[in-house]
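Secondary and tertiary structure notes
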Amino acid sequence: MIYDAIILGAGAAGLMCAATAGARGRRVLVLDHATHAGEKIRISGGGRCNFTNIHCTPKNFLSENPRFCISALSRYTPQDFIALVQRYNITYHEKTLGQLFCDHSSRQIVQMLLDECAHHGVTIQMQQSITDVQHRDGKFIIQCASSHEVQSDNLILATGGLSIPKMGATGFAYDVAKKFGLRIVPTRAGLVPFVSDDATLSQMKPLAGIAFASIATHGKVHFEEASLITHKGLSGPAILQISSYWREGDAIALNLAPHHNVATMLKDARTTSPKQEVLSVLSTLLPKRLAQFLLEQIGMSGTCAELSNTHCDKIAQQVHHWLYHPATTEGYRTAEVTLGGIDTRDLSSQTMEATNVRGLYCIGEAVDVTGHLGGFNFQWAWASGYAAGMAL
Ligand SMILES: Cc1cc2nc3c(=O)[nH]c(=O)nc-3n(C[C@H](O)[C@H](O)[C@H](O)COP(=O)(O)OP(=O)(O)OC[C@H]3O[C@@H](n4cnc5c(N)ncnc54)[C@H](O)[C@@H]3O)c2cc1C
């Protein structure tokens, strides 16, 4: 069998690319080493798949080359994916901040993509370990462990990033890209919980399970969402978002009472309720145990009447600008995404084709384009898969 395109990876980007190219009459083969296609889609969004975000813009993505994603994102928009979802009668809802989730199950999205592939004559072969990729006389020759060899004019790398190795994630796309002379932007775990150092951990462990409203800031970037204290450190949407910007040794600042002015509150309380404990004033804004922890950290206690202006400002600084120094992150073991990857300087932003290797395409998470939390990573998988699928 001669194929026009061989796609390595039956994940979000690979399946979208396969269905798009198949719909254009291309003979497409998808190879994947896992047992089932689209496993990350299946487990995503707590089983409901946050499949896109209606507020998606290029600003929701990190890359060494922030303009690279503009073209693909503008040619396959959230509305395009929503239209596909509607065509399959999959019901969905907006949870928060433009994030769209299936009403029932993420399996519906996997099945939709598989149906699209089947409808357009795409061949999908699972449990295929790829042992070698060669390029001879303009043809890509793929060798599988099952000892069969397949050839094609076009090869699409869609094997994703390094996050969650337990699910079969590998650095395969990077290895093949390097073999063809493409550069790799160093990778690191993104959208990942923080781990505290031992001293912080022993102080914070009793607070595990406490969630609170927050604004997490790193440099000029901030996210206003919930945070969560875990047995290992910090997690929750605000923390996952800011983790993508964090570098080893950095601190992050947390505003634990957004939309309140703690200094003014305490200064007023000195006259309106002087006998009230400072802790009980803070407990109107924060979970009590967290308020107590913050006060203990700066050695403050007592009643409002005892507070000087300096004390009020010190407590306000602690609540509005609490500095947290993560020791590290939980790493690829639990990261939702991999930052970095195949360098976009070596790819066409229109087609995802390698500029120096005709017929080699790179799509999805393997590429140095990483979205914020909230459906952006799938939107990039759909858009980059579509761009390549239209170009093959
Ligand atoms: C727990 C979790 C929840 C998430 N939730 C969301 C969400 O709700 N919304 C969102 O937008 N994003 C979410 N993401 C991120 C999203 O899943 C990824 O960004 C997206 O799946 C990337 O698509 P991809 O096709 O590039 O890679 P993947 O979907 O990872 O697909 C890669 C495929 O390649 C195969 N493969 C890997 N190595 C090899 C190899 N050596 N040989 C053969 N095949 C190989 C894998 O088996 C896999 O099928 C989540 C991620 C995780 C881990």
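Residues numbered from 1 in each chain as written. Predicted model: local features only at pLDDT ≥ 70, side-chain atom pairs only at ≥ 80, totals over all residues.

Considerations on the overall build of the protein
Looking only at helices and strands, the protein features 13 helices and 21 strands. For the protein, the C-alpha atoms occupy an extent of roughly 85 × 40 × 35 Å along the three principal directions. Summarising the internal contacts of the protein: among those between residues at least 6 apart in sequence, 72% fall at separations of at least 24. (Helix = DSSP H or I, 4+ residues; strand = E, 2+ residues; numbered from the N terminus. Contact = placed C-beta atoms within 7 Å.)

A closer look at the domain arrangement of the protein
On domain assignment, one finds that the protein holds domain 1 (3-189 + 334-391) and domain 2 (194-329). Each side of the interface is counted separately: domain 1 has seven residues, and domain 2 has five residues. Residue composition of the side of domain 1 that touches domain 2, grouped by class: four nonpolar, two polar and one charged. (Domains from an automatic or database assignment. Nonpolar A, V, L, I, M, F, W, Y, C, P; charged D, E, K, R; others polar.)

Describing the packing of helix α1 (residues 12-23) against helix α5 (residues 107-119)
When two helices pack together, their arrangement is given by the angle between their axes and by how far apart the axes lie. It is at 8 Å that the axes of α1 and α5 come closest, and there the two elements cross at 30°. Taken together, the axis directions place α1 and α5 in an arrangement best described as roughly parallel. Remark: the crossing between α1 and α5 carries left-handed chirality. On the side of α1, the interface is formed by L15, M16, A18, A19 and G22, while α5 contributes L113, E116 and C117. (Axes fitted to C-alpha atoms, helices over the stretch in contact; angles between N-to-C directions. Parallel < 35°, antiparallel > 145°, perpendicular 65-115°, else oblique. Left-handed = near helix turned anticlockwise from the far one by under 90°.)

With respect to α1
Taking 1.5 Å of rise per residue, the 12 residues of α1 would be expected to cover 16 Å, and the 17 Å separating its terminal C-alpha atoms lies within 8% of that figure. For α1, the buried fraction is high: 11 of the 12 residues fall into the buried class. Where α1 is concerned, the buried positions are A12, A13, G14, L15, M16, C17, A18, A19, T20, A21 and G22. Within two residues after α1, G25 carries a phi angle of roughly 85°, on the positive side. (Expected span 1.5 Å × (residues − 1). Buried ≥ 20, exposed ≤ 12 C-beta atoms within 10 Å, placed from the backbone.)

Comments concerning the site of the ligand
In the vicinity of the ligand there are 37 residues, among which G9, G11, S44, G160 and G364 approach most closely. Every element with two or more residues in the shell around the ligand is listed here: α1, α2 (39-43) and α13 (376-391). Broken down by element, the residue count for the shell around the ligand peaks at four residues, all from α13. Class assignment for the residues of the shell around the ligand results in 17 nonpolar, 15 polar and five charged. (Near = placed C-beta within 6 Å.)

Some words on unusual backbone geometry
Positive phi, normally seen in glycine, also occurs at C49, with a value near 55°. Summarising the element assignment, C49 is placed in the loop between α2 and β3 (50-53). One non-glycine residue, H259, adopts positive backbone phi at about 70°. Among the secondary structure elements, H259 is positioned in the loop between β16 (252-255) and α9 (262-272). What makes H259 exposed here is the crowd of 9 C-beta atoms within 10 Å.

Description of the nonpolar core
Membership of the largest hydrophobic core comes to 74 residues, with the highest contact counts inside it found for I156, L157 and C362. Beyond its immediate sequence surroundings of up to four residues, I156 is in contact with A5, I7, L8, G14, C17, Y361, I363 and A388. (Core = buried A, V, L, I, M, F, W, Y, C linked by C-beta atoms within 7 Å.)

Focus on the sheet that holds strand β5 (residues 92-94)
Hydrogen bonds between backbone atoms are what pair the strands of a sheet, whose relative direction is either parallel or antiparallel. In space, the three strands of this open sheet follow the order β3-β6-β5, with antiparallel pairing throughout. Strand pairing shows two members of the sheet lacking a second neighbour, β3 and β5, which therefore form its edges. Sheet twist, expressed as the average angle between the axes of neighbouring strands with direction ignored, equals 25°. Relative to strand β6 (residues 99-102), β3 is paired through three bridges, and the arrangement is antiparallel. Counted as the bridge partner of N53 is Q99 from β6. (Pairing = 2+ DSSP bridges.)

Notes on the environment of H93
Secondary-structure assignment places H93 in strand β5. Taking the number of C-beta atoms within 10 Å as the measure of exposure, H93 has 10 and is therefore exposed. Sequence spacing of H93 and N50 is 43 residues, and the spatial spacing of their C-alpha atoms is 9.6 Å. Setting aside residues up to four positions removed in sequence, H93 forms contacts with F101 and D103.

Quick word on the pairing of β6
Here β6 shows no split at all, with Q99 and F101 on one side and L100 and C102 on the other all buried. Judged from the three bridges that link them, β5 and β6 form a sheet pairing that is antiparallel. The partner of H93 across the bridge, within β6, is F101. Following β5, the chain reverses through four residues before pairing antiparallel with β6; L97 in that reversal takes a positive phi of roughly 50°.

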